[in-house]
Amino acid sequence: MPEKVIVIGSGPAGLTAALYAARANLKPLVIEGTAPYGQLMLTTDVENYPGFPDGILGPELMESFRKQAERFGSRFLTADTTRVDFSRTPFVVEVGDERHEADSVIVSTGATARMLDIPGERELLGRGVSTCATCDGFFFRGRELVVVGGGDSAVEEAIFLTKFATKVTIIHRRDSLRASKIMQDRAHANEKITFLWDTVVEEVGGGDGAVTGLKVRNVKTDEVSDFRTDGLFIAIGHDPNTQLFKGQLDLDDNGYIIVGHPKTETSVSGVFACGDVVDHIYRQAITAAGTGCAAAIDAEKYLEALPH
Ligand code: NAP
């Protein structure tokens, strides 16, 4: 018998979809991935998830999401989905050699941090180059660091890193931040944070497996100079995790899955998508959870209408 619902992905969207599907007695199978629970695992305090007036740690919040989904009968497979076939029903979802079939699928694979694609970056990833301040900040106690980007992520990471670093420089390619006013104010008020405007990083330099400095270029004067730093944190946005779905679902120019807002149906009837994999605007845990709920309700309605 095919599964009634397979949920691919386990961030706030996927786990909320699982919770709602489980409470609708659909016994969802969640293929949660080998690095489960999404981007909140890479964050510390979540201050804007309603219901937690004092804030909550990202991983703690996700653990609660999972527990709640499990309580009503969600089942979890800790593995990465390797292939899908949505051209036939029941739909096929493969995990290595394991083949699963389902009457409906909810895609909630989220998005992944963008890289600069400059020399030295990949080689020194995990050895001074990082996309996750929460994961790696601890290793830079007493050091000087750089964060690249001008959005909320860059500012949030920079503020977090001041817990460890003696100095954090935000390098941004323009002369004004995109980050929200409150985050900007916090960064400006933090004595350890300085800004290098109109500047791009062109190369990461290292020795003995550690970052020693950057080659940076002022985009207005074209002047290239060396910038000494012990670490580079990249916070320049995200790309949707949709590699698996190319040729299977309609994607927009940026690779996000196209859904029929406010519904979550994709270009394939019976396949629904929610969370950051469809959302390049809001990208909040609460909006992801909201669309996860919608996807489960849409899937339930779709299944009810199928001939038995
Ligand atoms: P974002 O808002 O898209 O900002 C990306 C930043 O990186 C921009 O400043 C952009 O420059 C810069 N950038 C992009 N590509 C670059 C490149 N190749 N080289 C150099 N710089 C580059 O991404 P985000 O900061 O990750 O935020 C995403 C969403 O999550 C936003 O809606 C944000 O509000 C939200 N968020 C909220 C919080 C919070 O509320 N606590 C925390 C994190 C994120 P330009 O400005 O020139 O485009």
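Residues numbered from 1 in each chain as written. Predicted model: local features only at pLDDT ≥ 70, side-chain atom pairs only at ≥ 80, totals over all residues. Heavy atoms only, no water.

Draft legend 1. Highlighting the overall build of the chain. Across its full length, the chain holds 6 helices and 19 strands. A globule of 308 residues ought to have a C-alpha radius of gyration of about 19 Å, and the chain, at 21 Å, matches this closely. Each principal axis of the C-alpha distribution contributes one length, and for the chain these read about 70 × 40 × 35 Å. Within the span of the chain, comprising 308 residues, buried residues form 49% of the whole. Of the contacts made within the chain by residues no fewer than 6 positions apart, 60% connect residues no fewer than 24 positions apart. (Helix = DSSP H or I, 4+ residues; strand = E, 2+ residues; numbered from the N terminus. Rg over C-alpha atoms; globule rule 2.2 N^0.38 Å. Buried < 20%, exposed > 50% of the residue type's maximum accessible area, 1.4 Å probe, protein only. Contact = heavy atoms within 4.5 Å.)

Draft legend 2. Representation of the sheet that holds strand E12 (residues 167-171) within the structure. On the basis of which strands lie adjacent, the open sheet formed by 5 strands has the order E10-E17-E11-E12-E13 and parallel pairing. Only two strands of the sheet have a single neighbouring strand rather than two, namely strand E10 (129-130) and strand E13 (193-196). (Pairing = 2+ DSSP bridges.)

Draft legend 3. How the structure looks around helix H2 (residues 58-71). Here H2 is 14 residues long and its end C-alpha atoms lie 20 Å apart, about the 20 Å a rise of 1.5 Å per residue gives. Every buried residue of H2 is accounted for by Gly58, Leu61, Met62, Phe65, Arg66 and Ala69. All buried residues of H2 lie within an arc of 135° about the axis, which places them on one face of the element. Counted as exposed and oriented over 90 degrees from the buried face of H2: Lys67 and Arg71. Looking at the buried side of H2, the elements it contacts are helix H1 (12-23), strand E3 (45-46), strand E4 (56-57), strand E5 (75-77) and helix H6 (285-305). (Expected span 1.5 Å × (residues − 1). Arc of directions from axis to C-beta.)

Draft legend 4. Molecular detail of the packing of H1 against H6. Closest axis-to-axis distance for the H1/H6 pair is 7 Å, and the angle between their directions is 35°. Relative to H6, H1 is oriented so that their crossing is right-handed. On H6, the residues that touch Pro12, Ala13, Thr16, Ala17, Tyr20 and Ala21 of H1 are Ala285, Ala288, Ala289, Gly292, Cys293, Ala296 and Ile297. Among the residues forming the contact of H1 with H6, the class breakdown is 11 nonpolar, 2 polar and no charged. (Axes fitted to C-alpha atoms, helices over the stretch in contact; angles between N-to-C directions. Left-handed = near helix turned anticlockwise from the far one by under 90°. Nonpolar A, V, L, I, M, F, W, Y, C, P; charged D, E, K, R; others polar.)

Draft legend 5. View of the site of the ligand. Taken together, 20 residues sit near the ligand, with Asp152, Ser153, Glu156, Arg174 and Arg178 positioned nearest. In the model, an oxygen atom of the ligand is placed 3.0 Å from a nitrogen or oxygen of the Arg173 side chain. Measuring from an oxygen atom of the ligand, one finds a side-chain N or O atom of Arg174 at 2.7 Å. Protein contacts shield 77% of the accessible area of the ligand, which totals 910 Å² for the unbound molecule. (Near = heavy atom within 4 Å. Polar contact = N/O pair within 3.5 Å; in protein donor to acceptor, adjacent residues only side chain to side chain. Areas by Shrake-Rupley, 256 points an atom, 1.4 Å probe, with all protein chains shown as cover.)

Draft legend 6. Broad picture of the sheet that holds strand E15 (residues 210-218). Taken together, the 3 strands give an open sheet; going across it, the order is E14-E15-E16, and neighbouring strands pair in antiparallel fashion. With partners counted over all chains shown, the strands left at the sheet margins are strand E14 (199-207) and strand E16 (224-228), one partner each. Geometrically, the sheet is characterised by an average inter-axis angle of 30° between neighbouring strands, direction not taken into account. Pairing analysis gives 5 bridges linking E15 to E16, with the strands arranged antiparallel. Of the residues in E16, the one forming a bridge with Lys215 is Asp226.

Draft legend 7. Representation of the pairing of strand E17 (residues 231-234) in the model. Residue alternation in E17 divides its side chains into two sets, Gly231 and Phe233 and Leu232 and Ile234, and both sets are buried. Across 4 bridges, strand E11 (residues 144-148) lies against E17 in parallel orientation. Its bridge partner lying in E17, Leu145 is registered against Gly231.

Draft legend 8. Representation of the pattern of salt bridges within the structure. Counted under the stated rule, the structure contains 16 salt bridges. Close ionic contact of Arg66 with Glu70 constitutes a salt bridge, the shortest N to O distance being 3.4 Å. Here the residue Arg66 and the residue Glu70 both occupy positions in helix H2, the gap between them amounting to 4 residues, near one helical turn. In this structure, Arg114 engages Asp239 in a salt bridge whose closest nitrogen and oxygen atoms are separated by 3.3 Å. With a gap of 125 residues between them, Arg114 in the loop between strand E9 (111-113) and E10 and Asp239 in strand E18 (residues 238-240) connect regions that are remote in the sequence. Its relative accessible area of 35% is what places Asp239 among the partly exposed residues. (Salt bridge = Lys/Arg side-chain N within 4 Å of Asp/Glu carboxyl O.)

Draft legend 9. View of the environment of Arg283. Tracing the chain through its elements places Arg283 in the loop between strand E19 (271-273) and H6. Arg283 sits in the partly exposed class, given a relative accessible area of 34%. Spatially, the C-alpha atoms of Arg283 and Asp45 are 16 Å apart, while their sequence positions differ by 238 residues. Apart from the residues within four sequence positions on either side, Arg283 is in contact with His238, Tyr256 and Asp276. Of note is the side chain of Arg283, whose polar atom sits 3.2 Å from the backbone oxygen of His280.

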